[in-house]
Each structure stands twice: as structure tokens, then as C-alpha cells.
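The residues making up each chain are set out below.
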Amino acid sequence: MRTISILGATGSIGASTLDLIRRNRDAWRVVALTANGNAAELARLAREFGVEMAVVADETRLPELREALAGSGIAAAGGVEGLCAAAAAGADMTVAAIVGCAGLAPTMAAIEQGKTVALANKEALVSAGDVMMAAVERYGATLLPLDSEHNAIFQCLGANAPTDVRRITLTASGGPFRTWTQEQLDAATPAQAVKHPNWDMGAKISVDSATMFNKGLELIEAWHLFPVGLDRLSIVVHPQSVVHSLVEYRDGSSLAQLGPSDMRVPIASCLAWPQRMDTPMPSLDLAALAELTFFAPDEVRFPATRLAREAAQAGGAAPAVLNAANEIAVAAFLAGQIRFTRIAANVERVLAAGVPSAPSSLDDVLAIDHEARLRARALLEQA
Ligand code: NAD
Ligand code: MG
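Residues numbered from 1 in each chain as written. Chains lettered and ligands numbered in written order. Predicted model: local features only at pLDDT ≥ 70, side-chain atom pairs only at ≥ 80, totals over all residues. Heavy atoms only, no water.

Undergrad: I tried to follow the coordination of the magnesium ion (ligand 2) on my own but got confused; where do I start?
TA: Tetrahedral coordination by four donors places them ideally at 109.5 degrees to one another around the metal; octahedral coordination by six donors ideally gives 90 or 180 degrees. Coordination of the magnesium ion (ligand 2) by the protein is provided by Asp147 (OD), Glu149 (OE) and Glu218 (OE), with metal-donor distances spanning 2.0 to 2.2 Å. Of note, the donors binding the magnesium ion (ligand 2) are all from one chain and are spaced D-x1-E-x68-E. Taken together, the residues span a long stretch of sequence, with aspartate 147 in the loop between strand 7 (142-145) and helix 8 (148-157) and glutamate 218 in helix 12 (residues 213-225) at a distance of 71 residues. Look at glutamate 218 and you get buried, because its relative accessible area is 1%. (Donors = N, O, S within 2.8 Å, 3.2 Å for Na, K, Ca; no water. Helix = DSSP H or I, 4+ residues; strand = E, 2+ residues; numbered from the N terminus. Buried < 20%, exposed > 50% of the residue type's maximum accessible area, 1.4 Å probe, protein only.)

Undergrad: Got a minute to help me understand the pairing of strand 9 (residues 233-237) in this structure?
TA: Burial of strand 9 is extensive: five of the five residues sit out of reach of the surface. Residues of strand 9 alternate between two faces, with Leu233, Ile235 and Val237 on one and Ser234 and Val236 on the opposite face, all of them buried. Examined bridge by bridge, strand 8 (residues 165-172) and strand 9 share five bridges and lie parallel to one another. Paired with leucine 170 across the bridge in strand 9 is isoleucine 235. (Pairing = 2+ DSSP bridges.)

Undergrad: Looking at this structure, how should I read the site of ligand 1?
TA: Taken together, 23 residues lie around ligand 1, and Thr10, Ser12, Asn36, Glu123 and Gly202 are the ones closest in. A distance of 2.8 Å is found between an oxygen atom of ligand 1 and a backbone nitrogen or oxygen belonging to asparagine 36. Within the backbone of glycine 202, an N or O atom sits 2.9 Å from an oxygen atom of ligand 1. Burial of ligand 1 by the protein chains amounts to 86% of its free accessible area of 810 Å². Looking at the shell around ligand 1, the elements that each hand over two or more residues are helix 1 (12-22) and helix 6 (122-128). For the shell around ligand 1, the residue count by class is 13 nonpolar, seven polar and three charged. Each of domain 1 (2-145) and domain 2 (150-314) accounts for three or more of the residues forming the shell around ligand 1. (Near = heavy atom within 4 Å. Polar contact = N/O pair within 3.5 Å; in protein donor to acceptor, adjacent residues only side chain to side chain. Areas by Shrake-Rupley, 256 points an atom, 1.4 Å probe, with all protein chains shown as cover. Nonpolar A, V, L, I, M, F, W, Y, C, P; charged D, E, K, R; others polar. Domains from an automatic or database assignment.)

Undergrad: Looking at this structure, how should I read a nonpolar patch on the surface?
TA: The grouping of Leu258, Leu284, Leu286 and Leu289 at the surface amounts to a nonpolar patch, some 300 Å² of accessible area in total. Looking at the secondary structure, you find leucine 289 in helix 14 (residues 286-289). Of the residues examined, leucine 289 reaches a relative accessible area of 33% and is grouped as partly exposed. (Patch = residues over 30% accessible without salt bridge, like charges linked within 9 Å, V, L, I, M, F, W, Y side chains within 5 Å. Salt bridge = Lys/Arg side-chain N within 4 Å of Asp/Glu carboxyl O.)

Undergrad: Teacher, can you tell me more about the environment of proline 145 here?
TA: Its place among the elements puts proline 145 in strand 7. Judged by relative accessible area, which is 4%, proline 145 ranks as buried. The sequence separation of proline 145 and isoleucine 98 amounts to 47 residues, and the corresponding C-alpha distance is 14 Å. When sequence neighbours within four positions are dropped, the list of residues in contact with proline 145 reads Leu119, His150, Asn151, Phe154, Leu225, Phe226 and Cys270. (Contact = heavy atoms within 4.5 Å.)

Put into C-alpha cells, the structure is as follows:
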């Protein structure tokens, strides 16, 4: 039996992970679960899985969590310190599934345990970059990519040498607005943006998928996870989301990973790695799918992948600034404060206003993130 903690247990990835654990109760013991503010749901899950510790990030919800856990013997905690304590609770595997840079400090705390971290929280890696990868190295942690594209690449790489890789191609669904005109994009609403054609995900990543910032963040994520160099990473739009990414080798062979668009597949790949486990997914029916199509990304209507590539090229703090500016813009869009097309425009403006020097510690990254958020908010108010 292995132990596991889930940071972001009440979210979409958290729910998919717990679904797999529920089907394999003999294989896993859940140590700690965390949520942002939904104390009732967190307490329900904590009781169901008999965890040791439940944590709400929003400390104002801690009394509610304590009350909901009364008599259960489950420890309750709150705030970033609580999240980091959950991450450091000593589980064999920690699933990092908080959304945004808010998950960075707990993810680093999990890495410092020197055990296995299954990473969904791409914003944490985009922001911290080399700081996170250096910690993985220093503490001897195993970082398993849970994001479907990166998990696909990880599987396709197998034991091959990175020097044998000619190119890695990330597939992108193109999101709900793939075929929309610039005028339609200007008028896109939050409700339309969160309705992804293939995947059922949290609101933030759904908007990122609509703007293509998701693929931009994933490009930076892949750049850190798979050290083949930025010029060997490419993106292709594939609306069916069946091919989850490809690795092309120098002999001309391309290996791809295919599967249903259900995150339980890459999550299962992480949970069972280096073995395999059952999932409730039906077999892929290629004849029923009939057609798989691929398109070059349109960086005029969707500038996000260009901005992300430029931020990676600039290096240093630029990816953290890009991420912070995007988080602020997405929140403003979801709150009805800005148009859809202002998201990328605002990120570009924040980056153009200047980027601080490269971070060398977690505190540096958090300070860069904080400053970039202030600047992004100030720019939003000006326009
Ligand atoms: P979600 O919004 O459904 O869930 C987010 C989780 O994080 C929830 O448990 C929430 O309570 C918690 N949370 C939110 N804000 C927090 C804060 N400030 N502090 C602490 N906890 C907080 O999001 P999701 O779709 O599950 O995505 C989670 C992460 O996984 C994101 O980084 C996303 O990019 C990545 N990811 C998601 C999918 C997917 O299919 N949903 C696929 C690949 C990668
Ligand atoms: Mg992905």
C-alpha cells in the first residue's frame, strides 16, 4: 500500500484522482487533502478517505472545516503554512493540482520531501522554472508530468536519449473559439470560454485553453521538463484531442500517445508509474473517430503561444511575469471586467513594461509574481 496527498483535492484534477483511488482502495492510503475555500466538500472527502489532515487555503474557512471534522480525529489547518504542511506530510506521492502560482510554495514543499510529485499545477513550474527543477535535483525527487501532453511526451520518450530527439510536438485542441473571427473573439463571453468542446476542466484552465495561453504555459512547462531546447518544441492544433503529443526522433520515427480526452488516463499513468493500472475508460475506437485533423496554430488571432515562446526566449523572470499577468487577466475576464481579447493584450503590455532579474530562490519567484500581479492590476485599471 502506498500513501498519497492531493493538493487541490476539490478541483477537477483532484476529483479525477480521487475517483481512481476510490476504485483502488487497497492500493492507496490518503494522507492529506487540501482545498481553497470549500470546507464542506473537503471535510466530506477527508472523512470518506479517512485522511490524517485536511487544509483550507482560505483561513476564514478554517472554523467551518474544524466544525465539519469534529469528532473525526482528522487534523484541520489553514493558510499557506497549512498547505505546505499537507505537502510535507510524508506521502509517497503528492499530486500537485492547485490552480495557479498559489500552488507553488506547497509544490516546492512536496518536492523537498524527495519523494514523488505528480505535477498538474503547470503555473507553478512556469513561474519557478529552474528554481523548481534545481530543487527536484537537489532533493532527489521524482517529478512525474500529469498534464496530458507532458504525460504523453514522457511516455513517448521512454528510455530514449534526449540527444536523439529531433522534435517534440505538443497538440492543442484549439479550444472553443478555434474557428472564430477576430470580431467574434472580441465579443466572447466567460460562459462561452469555459465550455470546452473536449475536456471538462476548471474555469481558469478552460479560459487558458480558449486563449491558447494553456498551450503557451505548456510550451514553457515542456521546455523545463524535457531538456531538448526551445527550438525543438512545436505546437500543432488537433481539434479531436485524441493524439496527446508526439516525439520525433533523428531517424525520422515519430512516437505518439493516443487516448480518450479524460484526465484519468494520464493521472493513472502517474499513479501506477512505472507500471500500469486499470481505468474505466473504454477502448479507443479509431474507426468510429474516422478522422483526426491537424492545423498550424494561428498566432494572429491567438497571440498567447507567441508571447509564451518569447518569454521563454527572454528567460529569467519573464515566464513568471507572463503567468502572473495572465492569472490577473483571466480573473478580470471571468469577473466581466475585460473583453476576451484583452487577456493576451494585457499580458503583452505587462511584459513590455519590463521584467526583473532572474529568480534564484522560491522567495524571489514569489516576489516577482507579487509585483507582476500589482503591475497587471494597475494596467487593467488604466485602460
Ligand atoms: P480547479 O479550479 O477545478 O481546481 C483547483 C483546485 O485548487 C481546487 O481544489 C481549489 O480549491 C484549489 N485552489 C484554488 N485556488 C487556490 C488557492 N489560492 N490556494 C490553494 N488552493 C486553491 O482546477 P483544475 O482544472 O483541477 O486544474 C488544477 C491544475 O491542474 C491547474 O494548474 C491546471 O492547469 C492543471 N491541469 C488541469 C487539467 C484539467 O483537465 N482540469 C488538465 C491538465 C492540467
Ligand atoms: Mg494539457
